[in-house]
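Geometric and topological summary
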Amino acid sequence: MSVLLSNIGTLVTNDPAAGDGPLGVMHDAAVVFDGEVVAWVGPAGQAPDADTAHDLAGAAVLPGFVESHSHLVFAGDRAEEFGARMAGKPYAAGGIRTTIAATREATDAQLRANVQRLLDESLRSGSTTVEIKSGYGQSVASELRSVRIASEFTDEVTLLAAHVPPPEYAGRADAYVELVCTQMIEACAPHAKWIDVFCEQGAFDRDQADAVLTAGAAAGLTARVHGNQLHRGPGVQLAVRHNAASVDHVAHVGKADIDALAGSSTVATVLPAADFCTRNTYPDARALLDAGVTVALGADCNPGTSYTTSIPFCIALAVRDLHMTPEEAVWAATAGGAKALRRSDIGALRPGTRADAVVLDAPSYLHLAYRPGVPLVRQVWKSGAIATSWEPRHDR
C-alpha cells in the first residue's frame, strides 16, 4: 500500500541535497510512503500517484522524533522528592534508590503497563523510536526482568545496571561493579544492545565505569555513558576512549572534553528537561555545536529528574536555554538522535528511510519553539501507517 502526503507547507527532510540548509527544508512539498519506507520526496506538483492520498492543507511535516535516552521500566513516582527539590533541597543521585525499591516490588504486568503508558504518551508527542534503559532493578533477576520487558517494546535496549550502587551495596561499590561485570552482564546481554554507566559523584568513578564498559564490550554490547551531569568529571573522556555511541547530559564540560568529542564519533546528548527539573546547570550546547560536536536532544523520561516524554517541550527548552537555533534543536531531536543510536534508517525523510513522520498543527517546524507547551502534533506516522491522529477544529 502506497500513501501520498501532499500539500505540505514546510517539509523537514534532514537531507541537505533535497532542500535548504542542514534540515533539507522544502516548501509546497509531498512525500510518498511505500509500505514501511519512504519512496519519494519532492515538489507537490510532481508527486506520483499512490493508493491513498492525504491533503495536509499546508501543515508542516518532519521526521519522527528519535528519543535516544529514556528510563521507562520502573514503578512508583517521586513527586514528593520533586516538591522538596523545588523548595530548595539539592538534587543528589541517591534518590534513584526510592525507585529501585518500588520497581523490585512491582509485578511484571505493572511494569509492562507503565512502559506502554509512557510509550503511548511519547508517540502522541511525536517520538517514533524510543531507546529504553534498565537500571531500577539492580539485582541479577530484576535487571534481567527489566531488559526482557524493554525488549518487548523496542530494539534499542540499554543495560544500565550500573546506575547507582543499590542499598545493599552501600559503601561497597566495587563489589557491586564486580556483580555487574560478571553475573548481570552475562544474564542480560542476550536481551540488550547497549551497555551504560552513570559516571558521577555518588554513582561510579572512572575505574568502576571503565570496568563496566569493558565487560559490556566483551559481551557484545556497545557503550553509552551518563557523564558530566552534576560535576565536571571523567565521563566524557571515558566515553570517547570507549568509542561510545553517546555521552549523555554533558552539563559540566571543559575545553578538553569538547575537543575530545569534536575529534570523535561520540554524540553529545543534551537532556534539558532533566536540568529544568533539577535546577542544574544547562549544557553549553552552543560551545559544543560551534566546536563541531554532533549533538542529540532527548527527553530522559524517568520518575525522579525528568518525568516528561515530550520532545517538543525539550526543543523549546533547547532553543530558549541552551541557545540552540530552532533548526539545530529539530535536527538534534531527529537526525541527532538517530546518530546517537547509530541508525541511518530513521531521523530523516528521504527515499529508503523508515516512513516515520510527524504532522504539525502549524505551518512550520519553528512553531515547536515559538509556541512552547502547545500540543502541536496533529498526526504521527510510524512505518508508513497512522499511529496516532487528531484533527483540529479550525480551518488552516
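Here the residue numbering is sequential within each chain, running from 1 through the sequence in written order. For a predicted model such as this one, the threshold for reporting local features is a pLDDT of at least 70, and the threshold for listing and counting side-chain atom pairs is 80 or more; totals across whole chains, interfaces and linings nevertheless cover every residue. The basis for every side-chain value is the complete set of non-hydrogen atoms in the structure, without hydrogens or water.

1. Description of the overall build of the protein
To keep it simple, the criterion reads: In this text, helices come from DSSP runs of H or I with a minimum length of four residues, and strands from runs of E with a minimum of two, each type numbered from the N-terminal end. Here the globule rule is a power law, 2.2 Å times the number of residues to the power 0.38, and the radius of gyration is based on C-alpha atoms. By the convention used here, residues are in contact when the closest approach between their heavy atoms is within 4.5 Å. Positive charge is attributed to Lys and Arg, negative charge to Asp and Glu, and no charge count is given to His or to the chain ends. Working definition for charges: the position is that of NZ of Lys, CZ of Arg, CG of Asp or CD of Glu.
Each helix and strand in the protein was counted, giving 13 helices and 17 strands. Its C-alpha radius of gyration of 21 Å places the protein within 12% of the 21 Å reference for a compact globule of 396 residues. Dimensions of the protein, computed from the C-alpha atoms along their principal axes, are close to 65 × 45 × 45 Å. Counted over contacts in the protein with a minimum sequence separation of 6, partners at least 24 positions apart contribute 70%. Between the mean site of the 31 positive side-chain charges and the mean site of the 45 negative ones, the protein shows a separation of 4 Å.

2. Notes on the pairing of strand 15 (residues 357-360)
Inclusion rule: Only protein chains enter the area calculation, which uses a 1.4 Å probe; residues under 20% of their type maximum are buried, those over 50% are exposed, and those in between are partly exposed. Should DSSP find at least two bridges between two strands, the strands are taken to pair.
The alternating pattern of strand 15 places Ala357 and Val359 on one face and Val358 and Leu360 on the opposite face, and all of these are buried. For strand 5 (residues 61-63) and strand 15, the ladder comprises three bridges, and the chain directions are antiparallel. Bridge pairing links Val61 to Val359 in strand 15. Both strand 15 and strand 16 (residues 377-382) contribute to a ladder of four bridges, which runs antiparallel. Directly across from Ala357, in strand 16, lies its bridge partner Trp381.

3. Considering the sheet that holds strand 9 (residues 157-162)
Applicable threshold: For every element, the axis is a line fit to its C-alpha atoms; helices are fit only across the contacting stretch, and the angle between N-to-C directions ranges from 0 to 180 degrees.
Pairing is parallel in the open sheet, where seven strands are placed in the order 8-9-10-11-12-13-14. Strand pairing shows two members of the sheet lacking a second neighbour, strand 8 (132-133) and strand 14 (295-297), which therefore form its edges. Two elements, strand 12 (residues 246-249) and strand 13 (residues 267-270), share three bridges in a ladder whose sense is parallel. By the bridge assignment for strand 13, Val247 is matched with Ala268. Relative to the sheet, helix 5 (residues 173-188) contacts strand 9 and strand 10 (194-199), its axis offset from that of strand 9 by approximately 155°.

4. A closer look at the side chain of Ser70
Here is the rule we go by: N or O atoms within 3.5 Å of each other form a polar contact, as long as, within protein, one can give a hydrogen and the other can take it, and as long as residues adjacent in sequence are counted only when both atoms are side-chain atoms.
Checked against the element boundaries, Ser70 lands in the loop between strand 6 (65-67) and helix 1 (79-86). Residue class for Ser70 comes out buried when judged on its relative accessible area of 2%. Of note is the side chain of Ser70, whose polar atom sits 2.4 Å from the backbone oxygen of Glu131. If we skip the residues at most four places from it in the chain, Ser70 touches Val130, Glu131, Ile132, Lys133 and Cys301.

5. What about the pattern of salt bridges?
Where we set the bar: A side-chain nitrogen of Lys or Arg and a carboxyl oxygen of Asp or Glu constitute a salt bridge if their distance falls within 4 Å.
This model, assessed by the stated rule, comprises 16 salt bridges. Taking the shortest distance from any N to any O, the salt bridge between Arg343 and Glu156 comes out at 2.7 Å. Residue Arg343 is located in the loop between helix 12 (326-340) and strand 15, and its partner Glu156 is located in the loop between helix 4 (140-151) and strand 9; the two are separated by 187 residues in the primary sequence. Given a relative accessible area of 19%, Arg343 falls into the buried group.

6. Comments concerning the environment of Tyr307
When you line up the elements, Tyr307 lands in the loop between strand 14 and helix 11 (311-321). Placed 208 residues apart in sequence, Tyr307 and Thr99 show a C-alpha to C-alpha distance of 13 Å. Those residues in contact with Tyr307 that lie beyond four places of it in its chain are Phe74, Asp77, Arg117, Leu118, Cys301 and Asn302. Only 2.8 Å separates the side chain of Tyr307 from the side chain of Arg117, close enough to count as a polar contact.

7. Focus: unusual backbone geometry
A positive phi angle is found at Asn243, which is not glycine, with a value near 50°. Here the phi dihedral of Ser383 falls at roughly 50°; this positive angle occurs in a residue that is not glycine. Locating Ser383 in the fold gives a position in the loop between strand 16 and strand 17 (385-389).

8. As for the packing of helix 5 against helix 6 (residues 206-218)
As a reminder of what qualifies: We call two directions roughly parallel when the angle between them is under 35 degrees, roughly antiparallel when it is over 145, roughly perpendicular when it lies between 65 and 115, and oblique otherwise. Gly is put with the polar residues, along with every residue not named as nonpolar or charged; the nonpolar set is Ala, Val, Leu, Ile, Met, Phe, Trp, Tyr, Cys and Pro, and the charged set is Asp, Glu, Lys and Arg.
Look at helix 5 against helix 6: their axes get within 10 Å of each other, and the N-to-C directions meet at 5°. Overall, the two elements helix 5 and helix 6 adopt an arrangement that is roughly parallel. Contact residues: Ala173, Asp174, Val177, Val180, Cys181 and Ile185 in helix 5; Gln208, Ala211, Val212, Ala215 and Gly216 in helix 6. Taken together, the residues of the contact of helix 5 with helix 6 sort by class into eight nonpolar, two polar and one charged.

9. Notes on the nonpolar core
Among soluble globular proteins, nonpolar side chains are generally buried collectively. Let me state the cut-off plainly: For this analysis, a nonpolar core means a set of buried residues of the types Ala, Val, Leu, Ile, Met, Phe, Trp, Tyr and Cys, connected via side-chain atoms within 4.5 Å.
Counting 91 residues, the largest nonpolar core has Leu159, Leu288, Leu297, Ile315 and Leu360 as the members making the most contacts within it. In terms of residue count, the dominant contributor to this core is helix 5 (seven residues). Excluding anything up to four places from it in sequence, Leu159 contacts Ser134, Glu143, Val147, Met184, Ile185, Cys188, Ala192, Trp194, Ile195, Asp196 and Leu221. By size, the runner-up hydrophobic cluster in this structure holds 18 residues, among which are Val3, Leu11, Ala29 and Ala59.

10. What to know about helix 8 (residues 255-262)
The condition is simple: Arc definition: directions from the helix axis to the C-beta atoms.
Buried residues of helix 8: Asp257, Ile258, Ala260 and Leu261, and no others. Considered in projection along helix 8, the buried side chains sweep an arc of 160° and stay on one side of the axis. Looking at helix 8, the residues exposed on the side facing more than 90 degrees away from the buried face are Lys255 and Ala256.

11. What to know about the environment of Phe153
For Phe153, the position within the fold is in the loop between helix 4 and strand 9. Along the chain, Phe153 and Pro363 lie 210 residues apart, while their C-alpha atoms are 32 Å from each other. With sequence-adjacent residues up to four places away left out, Phe153 is seen in contact with Arg112, Val115, Gln116, Leu119 and Ile132.

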